[in-house]
Structure formats: structure tokens, C-alpha cells
Amino acid sequence: MSAEEVSARVEQVYRQDSRRILATLIRLLGDFDLAEEALHEAFFIAVERWQRDGVPDNPRAWLVSAGRFKAIDSLRRRARFAASRPMLIAQLEELEQSDWSDEDVEDDRLRLIFTCCHPALAADAQVPLTLREVCDLTTEEIARAFLAAPAAIAQRIVRAKAKIRDAKIPYQVPSRSELPERLDSVLRVIYLVFNEGYSASMGAEVTREDLTREAIRLARLLMELLPEAEVMGLLALMLLHESRRRARTSPGGELILLDEQDRSLWDADMIAEGCALVEAALNTRRFGPYCLQAAIAAVHAEAPTAQETDWPQIVGLYDVLLRAVPSPVIELNRAAALAKRDGPQAGLQRIDAILDRGELLDYHLAHSARAELCRQLGRVEEARAAYRRALELTQQLPERRFIEGRLAGLQ
């Protein structure tokens with residue numbers, strides 16, 4: 001293979017497998033920073049070695065081994081000079097004797113999620129750490145998901161890594177008796193991963209399929225461990241949203257709203273599986289927020305056309321959801337459904353009430369929704385101001401083009 005072909009193959013493996021490899025290296029090395037250093041060393045070596053020797057049959061296993069050996073070399077060098085020499089030597093001996101197989105790698109990301117969501121860690125650090133280490137989201141992407149400053153998110157991640165190292169938090173999936181109390185954080189992480197993939201916070205693409213697929217895969221793994229209603233609900237919710245992927249953008253990559261999508265492009269198999277999971281979860285009568293959100297998504301999925309959507313049922317489900325989980329974002333979504341049921345003025349009143357409380361002021365979808373309802377009501381100047389504010393807060397290029405189009409179309 002040429003140097004260009006090898007570089008392209010290395011880049012492809014990095015995109016597809018780097019977080020799985022990192023998860024395994026963290027398990028083997030017991031140290032986030034050492035594992036990240038080893039990961040990058042392994043990919044650096046791969047560019048040269050694969051050009052000389054050819055791409056191995058199992059690139060992922062090769063990279064895990066290369067990273068592990070690089071970490072061993074690094075620990076040897078440190079042990080020669082460090083004051084903590086006995087501790088480093090002990091760590092080195094343990095690492096040299098540790099064994100692993102490629103079969104272990106598939107479960108390592110789930111192990112890593114549970115480590116990052118360990119109750120010993122601060123609650124506000126668990127999800128950012130997981131999104132950074134398991135899913136390779138940037139600090140800026142995570143900050144956007146949390147409507148927080150990147151510096152604050154970075155600080156939480158650094159503190160959480162130190163806590164895992166110093167407290168020797170175990171790298172393992174908890175026992176069945178421990179799973180329920182650890183479940184909420186893990187479900188939240190998986191859903192945030194999916195959301196970033198379903199609607200990327202920045203960049204040239206609307207979606208990131210690698211993230212949505214990974215989130216769905218992790219939810220399936222989790223359901224094997226704990227087939228609880230909320231796990232079923234989350235998997236159903238993600239499948240029902242993912243079923244619309246092909247219809248969400250035009251061939252040129254432009255954003256298409258739900259009401260305008262070609263429903264023949266929706267994935268019928270995903271919809272069938274998602275709806276079956278919703279029914280099974282609701283039948284347990286132990287359902288929670290994810291099941292309710294999945295039920296809303298199922299109503300959308302089952303409507304033959306946008307005009308035939310059962311908006312009264314959706315508003316009713318949002319009423320139940322809001323009682324279970326009071327949230328301004330859920331309230332915003334309910335306002336959009338209310339506008340469909342009772343007209344744009346009813347929805348606009350609810351959105352204005354949210355913004356008047358000082359909530360969602362930096363959330364672009366709140367301003368975009370307000371702009372759309374003002375446009376429908378003929379309140380052009382208000383619509384223009386709201387679209388401009390949404391544009392200021394939007395970093396995803398297709399969303400920016402969509403908003404710019406709406407602005408240009410205002411008369």
C-alpha cells in the first residue's frame with residue numbers, strides 16, 4: 001500500500017475504533033492519561049509499520065498491543081528517575097503480567113461507562129467524563145450539550161480522572177444488585193451520546209452516525225444486563241429517532257423539518273422494533289421519562305402523514321412527562337406540540353413564559369421555535385429578531401443555512 005493509502009486506513013481505524021481501543025487500554029493500564037498517551041503513540045507507530053509490513057488482519061488488536069508495549073516502555077523510563085520508583089515498578093510488573101484477549105474489547109466501553117458513572121464521582125462530572133473518554137466528544141461539544149462554559153467542563157473532567165486514579169475506582173460492570181442504583185447516570189450518558197450524533201452541535205453535518213450507532217449498541221448491551229422498562233424505553237426512543245435519519249436531510253445536506261420529510265424513507269424495521277419495545281415497557285407499569293419520550297416518538301412514527309399526527313395524544317403525553325421530570329426543554333417541546341394542536345398563539349405564549357423566567361435564553365432551538373411561531377402569526381420583526389438570536393447561538397452549518405433561509409424569506 002502507498003503512504004497515502006496507509007494514512008487513509010489508519011485514519012479510518014481511528015474514527016471507527018479509537019474509543020474502543022482507548023477503553024481497553026484504560027482497563028489494562030488503570031490510568032486515563034497513560035492510556036491516552038499510549039493510544040496516540042500506537043496510531044503514530046501504525047503509520048510507519050503498516051506501510052512497511054502491511055495492515056494487520058486485526059488492526060484493533062494490533063493497536064492495543066502496540067499501545068500496551070509503549071506504556072510499558074514509558075513506565076520503565078519513569079521508574080529509573082521517579083521518586084515513586086517502587087510504586088511504578090509494581091505497576092510495571094502488574095502490567096507486564098496482565099493478559100487480555102480481543103474478545104474482551106467489545107465489553108470494555110460498557111465497563112468504562114460504569115467507571116465514569118461511579119457514584120464516588122461528582123454527579124456533574126460523570127456525564128462529561130464519559131462523553132469525552134468513551135465517545136471522543138470535544139470539550140466544546142460537551143459544553144454545548146450542557147449549556148455550560150468549556151473551561152468549567154474541562155475542569156470537571158480533570159478532577160474526575162484524578163478521583164478515579166486516587167480512589168482506585170474499579171474498572172468493571174457492577175453486579176446485578178448494584179446495577180439499578182447506577183442506571184440513571186448510564187442511561188443519561190447513552191442518550192446524550194445519541195443526541196450529539198442525532199443532531200451534531202457543530203460542524204458541516206446534521207448527524208454523526210458513528211455516535212448514534214454506538215449509543216444504540218451500548219443500550220442493547222445494557223438491556224442484556226438489565227432488561228428494565230427504562231432501558232427498553234431508551235432503546236426504543238433512539239431507534240424511533242434513528243429511523244428518520246435518511247429523511248432528515250436533502251441530497252445536498254440541507255436540513256428537512258419533521259413535517260416536510262418523505263416518510264417513505266423512514267426505516268420501517270426500526271419503527272416496528274421501537275414501537276414493540278414501547279409497548280413492552282409501558283406494559284410493565286414501571287416506566288419513566290425515557291418510556292414516555294419513546295411513546296411520543298411512536299405517535300409521530302405511526303402517523304401516515306404529518307397532517308394525521310395525533311397532536312392531542314402528544315400534548316397529553318408531554319403533560320405526564322412534565323409532571324415526572326419538570327424541565328424547560330420538555331416544556332419547550334410541549335409548547336411546539338401545543339402550537340400544532342391549538343394554534344401558534346398558544347405555543348408562543350408558553351415559549352415566552354419560559355424565556356421570561358430567564359430559562360433557555362442561550363438555547364438556539366428556543367429562539368428558533370419562537371421565530372417560527374412569530375412568522376406564522378405575521379409578526380415579522382419579532383420573527384426576524386428571534387431568528388437572528390438563534391443564528392448567533394448555532395454552530396452547525398446546515399442549521400445555520402436553514403435559519404438564514406428563513407430570514408431571507410421573511411417579508
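Parameters and conventions
- Residues numbered from 1 in each chain as written.
- Predicted model: local features only at pLDDT ≥ 70, side-chain atom pairs only at ≥ 80, totals over all residues.
- Heavy atoms only, no water.
- Helix = DSSP H or I, 4+ residues; strand = E, 2+ residues; numbered from the N terminus.
- Rg over C-alpha atoms; globule rule 2.2 N^0.38 Å.
- Buried < 20%, exposed > 50% of the residue type's maximum accessible area, 1.4 Å probe, protein only.
- Axes fitted to C-alpha atoms, helices over the stretch in contact; angles between N-to-C directions.
- Parallel < 35°, antiparallel > 145°, perpendicular 65-115°, else oblique.
- Left-handed = near helix turned anticlockwise from the far one by under 90°.
- Contact = heavy atoms within 4.5 Å.
- Core = buried A, V, L, I, M, F, W, Y, C linked by side-chain atoms within 4.5 Å.
- Expected span 1.5 Å × (residues − 1).
- Lys, Arg positive; Asp, Glu negative; His and termini not counted.
- Salt bridge = Lys/Arg side-chain N within 4 Å of Asp/Glu carboxyl O.
- Polar contact = N/O pair within 3.5 Å; in protein donor to acceptor, adjacent residues only side chain to side chain.
- Phe/Tyr/Trp six-rings, centres within 6.5 Å; stacked < 30°, edge-to-face > 60°.
- Lys NZ or Arg CZ within 6 Å of the ring centre and 35° of its normal.

Draft legend 1. Up close: the overall build of the protein chain. From N to C terminus, the protein chain includes 19 helices and 2 strands. Taking 22 Å as the expected radius of gyration for a compact globule of 411 residues, we find that the protein chain reaches 24 Å, a close match to that expectation. Considered along the principal axes of its C-alpha atoms, the protein chain spans approximately 75 × 50 × 40 Å. Taken over 411 residues, the protein chain has a buried fraction of 50%.

Draft legend 2. Molecular detail of the packing of helix 15 (residues 328-342) against helix 16 (residues 344-356). Close contact between helix 15 and helix 16 brings their axes to 6 Å; oriented N to C, the two are set at 165°. Comparing their axes, helix 16 and helix 15 come out roughly antiparallel. For the element pair helix 15 and helix 16, the recorded crossing hand is right-handed. Contacts between helix 15 and helix 16 involve P328, E331, L332, A335, L338, A339 and D342 on the former and, on the latter, P344, A346, G347, R350, I351 and I354.

Draft legend 3. Layout of the nonpolar core. With 103 residues, the main nonpolar core has L25, L63, L112, I190, L222, M238 and L240 as its most contacted residues. Per element, the largest residue contribution to this core is 11 residues, and it comes from helix 9 (residues 179-198). If we skip the residues at most four places from it in the chain, L25 touches G30, A35, A38, L39, V64, G67 and R68. Core analysis: the next-biggest nonpolar cluster, separate from the first, contains 24 residues, L332, A335, L348 and A390 among them.

Draft legend 4. Looking closely at helix 13 (residues 289-302). Between its first and last C-alpha, helix 13 extends 20 Å over 14 residues, near the 20 Å set by a 1.5 Å rise per residue. With 11 of 14 residues buried, helix 13 is to be regarded as a mostly interior element. Here helix 13 has its buried residues at Y290, C291, L292, A294, A295, I296, A297, A298, V299, H300 and A301. On its buried face, helix 13 is in contact with helix 9, helix 11 (229-242), helix 12 (268-283) and helix 14 (311-324).

Draft legend 5. The side chain of D31, seen in detail. Summarising the element assignment, D31 is placed in the loop between helix 1 (3-29) and helix 2 (32-53). In this structure, D31 is buried with no salt-bridge partner, the nearest side chain bearing the opposite charge being R165 at 5.0 Å. For D31, the side chain forms a polar contact with the main-chain nitrogen of L34, separated by 2.7 Å. Among all residues touching D31, those that are not within four sequence positions of it are I26 and R165.

Draft legend 6. Examining helix 11 more closely. Between its first and last C-alpha, helix 11 extends 20 Å over 14 residues, near the 20 Å set by a 1.5 Å rise per residue. Where burial is concerned, most of helix 11 is hidden: 14 out of the 14 residues are buried.

Draft legend 7. The arrangement of the packing of aromatic side chains in detail. Inspection of the entire model under this criterion finds 4 aromatic pairs. Centroid distance W50 to W62: 5.5 Å. Interplanar angle 70°. Geometry classified as edge-to-face. Of this pair, W50 sits in helix 2 while W62 sits in helix 3 (residues 59-81); the two residues are 12 residues apart in sequence, bridging distant segments of the chain. According to the relative accessible area criterion, W62 is partly exposed, its value standing at 23%. When the centroid spacing of 5.7 Å and the interplanar angle of 90° are considered together, the rings of Y191 and Y290 count as edge-to-face. Within this pair, whereas Y191 is found in helix 9, its partner Y290 is found in helix 13, the two being separated by 99 residues in sequence. Y191 gets classed as buried once you look at its relative accessible area, which sits at 15%. Against the face of W266 rests R244, its NZ or CZ located 5.8 Å from the ring centre. When the ring centre of Y198 is taken as origin, the NZ or CZ atom of R248, which lies over that ring, is 3.8 Å away.

Draft legend 8. Seen up close, the environment of V320. Among the secondary structure elements, V320 is positioned in helix 14. Taking the relative accessible area as the measure of exposure, V320 reaches 32% and is therefore partly exposed. Through-space distance from the C-alpha of V320 to that of L221 is 29 Å; in sequence the pair is 99 residues apart.

Draft legend 9. Up close: the side chain of T130. Topologically, T130 is positioned in helix 6 (residues 123-133). Contact partners of T130, with chain neighbours within four places excluded, come to I113, C116, C117, C135 and V189.

Draft legend 10. Main features of unusual backbone geometry. A positive phi angle, close to 50°, is found at K168, a residue other than glycine. As for its position among the elements, K168 is in the loop between helix 8 (150-167) and helix 9. For K168, a relative accessible area of 70% translates into the label exposed. Look at R285: it is not a glycine, yet its phi comes out positive at around 60°. Mapped onto the elements of the fold, R285 is located in the loop between helix 12 and helix 13.

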